[in-house]
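Notes for the structure review
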Amino acid sequence: MTADDDDARLLLAKGDRAWSAGRVDEAIQSYQTLAERFPDQPEGYNKLGVVHAGTHDLERASDYFLRALECDRTHVASLSNLGNIYLERGDASTAIWYYSRALETDPEYAPAHHNMAVAYRKQGNLRDFVRHLKQAQRYERSPHAMTNPSRPRDLFFRLGRRLTGIRLWWVLLALAALVVLPRVLR
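Residues numbered from 1 in each chain as written. Predicted model: local features only at pLDDT ≥ 70, side-chain atom pairs only at ≥ 80, totals over all residues. Heavy atoms only, no water.

With that settled, consider the overall build of the protein. Within the protein, the regular secondary structure consists of 11 helices and zero strands. When the helices and strands of the protein are read in sequence order from the N terminus, they spell out α-α-α-α-α-α-α-α-α-α-α. Here the protein holds 186 residues, and the buried ones make up 35% of them. Across the protein, contacts joining residues at least 24 apart in sequence account for 40% of those joining residues at least 6 apart. For the protein, the exposed surface amounts to about 11400 Å²; the carbon and sulfur share of it is 57%. (Helix = DSSP H or I, 4+ residues; strand = E, 2+ residues; numbered from the N terminus. Buried < 20%, exposed > 50% of the residue type's maximum accessible area, 1.4 Å probe, protein only. Contact = heavy atoms within 4.5 Å. Areas by Shrake-Rupley, 256 points an atom, 1.4 Å probe, with all protein chains shown as cover.)

Printed below as a string of structure tokens:
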């Protein structure tokens, strides 16, 4: 790991925190700095695209996703995000093409499977809709998804989902026992 890697990660994290907190201008500034300092890396451009898509500026978002793909034609998030732009515009066929390219690079990328399912649903293709929806759900719970550093924001959400159902009851029961037993044993 180099100092440049650390600088890029810090800028990315700063932008992600700002974006999550709704500070759009600050997020844009961080991502823009990332793109300027590391012009051959796709992450800054992809994140700028995400911000602009989030503010409904789909044309500008599309330009940033394409710029990210100029840096790395296999950048999974940018391929999937560009598919989202086409899906939003009502072009499910082109969206599916981009999701397919993303899945060629990372067959376990759950967001591409999920979005592909949505696109197939819009086309009325229920067989492929169900297949990709199941794959998305499986990969969201996979160890790959849990440890993939490109999706750190999802880590606590996925950990929480693992504690649902019967496991949650065992955790609650254990916590209750820790609280109640010392009082009973006094």
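Considering the arrangement of structural elements, one finds Leu48 in helix H3 (residues 42–54). In the structure, Leu48 is positioned 20 residues away from Ile28 in sequence and 6.3 Å away in space, judged by C-alpha atoms.

The biggest cluster of nonpolar side chains holds 21 residues, and the ones touching the most others in it are Leu87, Tyr99, Tyr109, Met116 and Ala119. Residue assignment for this core shows that the elements contributing at least two residues are helix H4 (58–71), helix H5 (76–88), helix H6 (92–105) and helix H7 (110–123). Of the residues forming this core, the biggest block, seven residues, is contributed by H6. With nine residues, the next largest nonpolar core counts Ala35, Tyr45, Leu48 and Val51 among its residues. (Core = buried A, V, L, I, M, F, W, Y, C linked by side-chain atoms within 4.5 Å.)

The terminal C-alpha atoms of H3, which comprises 13 residues, lie 18 Å apart, in line with the 18 Å expected from a rise of 1.5 Å per residue. All buried positions along H3 are accounted for by Pro42, Gly44, Tyr45, Asn46, Lys47, Leu48, Gly49, Val51 and His52. On its buried face, H3 sits against helix H1 (3–20), helix H2 (24–37), H4 and H5. One or two steps after H3, the chain reaches His56, where phi turns positive at roughly 70°. (Expected span 1.5 Å × (residues − 1).)

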